Amino acid sequence: MADQRDNMDDFKVQTAKHPNMGSAPLRPHSEQSKDRTSKRLSSESNGTSEGGVGSSTPVEVTALEESFRRFAIHGDTRATGKDLHGKNWSKLCKDCGVIDGKSITLTDVDIVFSKVKKKSSRTITFDEFKVALGELARKKYKEKTGEEAEAEVFKLIEGKAPIIAGVTRAVASPTVSRLTDTTKFTGSHKERFDTTGRGKGKAGRVDIVDTSGYVSGYKHQGSYEKKVTKPTVGKPM
């Protein structure tokens, strides 16, 4: 009974200090703790952190990780961007200038990839990606310390995206133009094309016999009808 009286006295004191408290029921401390925990987990899953009222701070994605994701999904619509396969790893090193043909070659890139990836995997994660870059950095910048070399390689990749090659354009060549100019063909090759340079097809390869006339080789086809239907000129009286 004494405890109940003490609780009632505390409630009256709080109500006197905060008149609006009487309109909302008091919630146990355990429920309030559960609400705070749920809010924190929700903010972590959404990539935000708790701050002031209405504040939402997104989880920062570094420029290096952004480039990793861009190359990871290049050419693969099913890729999630969380891992990078060997082909795109080589493209990343080539497009970003990590491969210079001297200190770093395509062979070096392939060897490092096989070294850092798991034996049963064909891809590397972002953490393994950074380890691989560290291996190449120490080989590329031998005069620098390990951290300085890694920083230099990271700068080459940060903010970069895959280079999409355009359609190859044909280059005009005098030799090719001379070989494809039908007006300069001789012999049987000349008979294959007409005056405009268009191919005649079978007619340019074999002699086709015209059998449409009365006899073979008849050259006056259609002239008889013209003679029959020719209008007669009246003689003067």
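Residues numbered from 1 in each chain as written. Predicted model: local features only at pLDDT ≥ 70, side-chain atom pairs only at ≥ 80, totals over all residues. Heavy atoms only, no water.

Put simply, the rule reads: UniProt positions are given in the numbering used here, feature names are shortened, and annotations may be inferred rather than shown by experiment.
You'll find the protein chain entered in an unreviewed UniProt entry as Tubulin polymerization promoting protein, with Seriola dumerili given as the organism. Annotation of the protein chain in UniProt includes, under Sequence similarities (unreviewed entry), the sentence "Belongs to the TPPP family."

### Some remarks on the pattern of salt bridges
What counts here: Whenever a carboxyl oxygen of Asp or Glu lies within 4 Å of a side-chain nitrogen of Lys or Arg, that contact is scored as a salt bridge. The secondary structure listing takes helices from DSSP runs of H or I that are at least 4 residues long and strands from runs of E that are at least 2 residues long, numbered from the N terminus. Whether a residue is buried, partly exposed or exposed follows from its accessible area with a 1.4 Å probe, protein chains only, as a fraction of its type maximum: under 20%, in between, or over 50%, in that order.
One pass over the full model with this rule turns up 8 salt bridges. Notably, a salt bridge pairs Glu135 with Lys115, separated by 3.5 Å at the nearest N-O pair. Here the residue Glu135 occupies a position in helix 6 (residues 126-140), and Lys115 occupies one in helix 5 (residues 106-116), the gap between them amounting to 20 residues. Look at Glu135 and you get partly exposed, because its relative accessible area is 26%. Assessed through its relative accessible area of 56%, Lys115 is described here as exposed. Salt bridges here are not isolated pairs; linked through shared partners, they connect Lys115, Glu135, Arg138 and Glu150.

### Details of the side chain of Glu128
Convention followed: In protein, a polar contact means a hydrogen-donor-capable atom and an acceptor-capable atom, both N or O and within 3.5 Å, with residues adjacent in sequence counting only if both atoms are side-chain atoms; elsewhere, any N or O pair within 3.5 Å suffices. Here, residues are in contact when the closest pair of their heavy atoms is within 4.5 Å.
Mapped onto the fold, Glu128 is located in helix 6. Within the structure, Glu128 has its side chain in polar contact with the backbone nitrogen of Thr125 (distance 3.0 Å). Residues contacting Glu128, with those up to four places away along its chain left out, are Val116, Lys117, Lys118 and Thr123.

### Side note on the side chain of Ser90
Residue placement: Ser90 occurs in helix 4 (residues 86-95). Polar side-chain contacts of Ser90 include one of 3.3 Å to the side chain of Asp110. Once residues lying within four places of it in the same chain are set aside, the contact partners of Ser90 are Ile99, Leu106, Val109 and Asp110.

### Considering the nonpolar core
Condition: Remark: nonpolar core denotes a set of buried residues (Ala, Val, Leu, Ile, Met, Phe, Trp, Tyr, Cys) joined through side-chain atoms within 4.5 Å.
Formed by 27 residues in total, the largest nonpolar core has its most connected members in Leu84, Trp89, Phe129, Leu133, Leu136 and Ile157. Sorting the residues of this core by element identifies helix 3 (63-72), helix 4, helix 5, helix 6 and helix 7 (146-157) as the ones contributing at least two each. When residues in this core are grouped by element, the largest group, 6 residues, is from helix 6. Beyond its immediate chain neighbours, meaning those up to four positions away, Leu84 contacts Phe68, Phe71, Ala72, Trp89, Phe113, Arg122, Thr123, Ile124 and Phe129.

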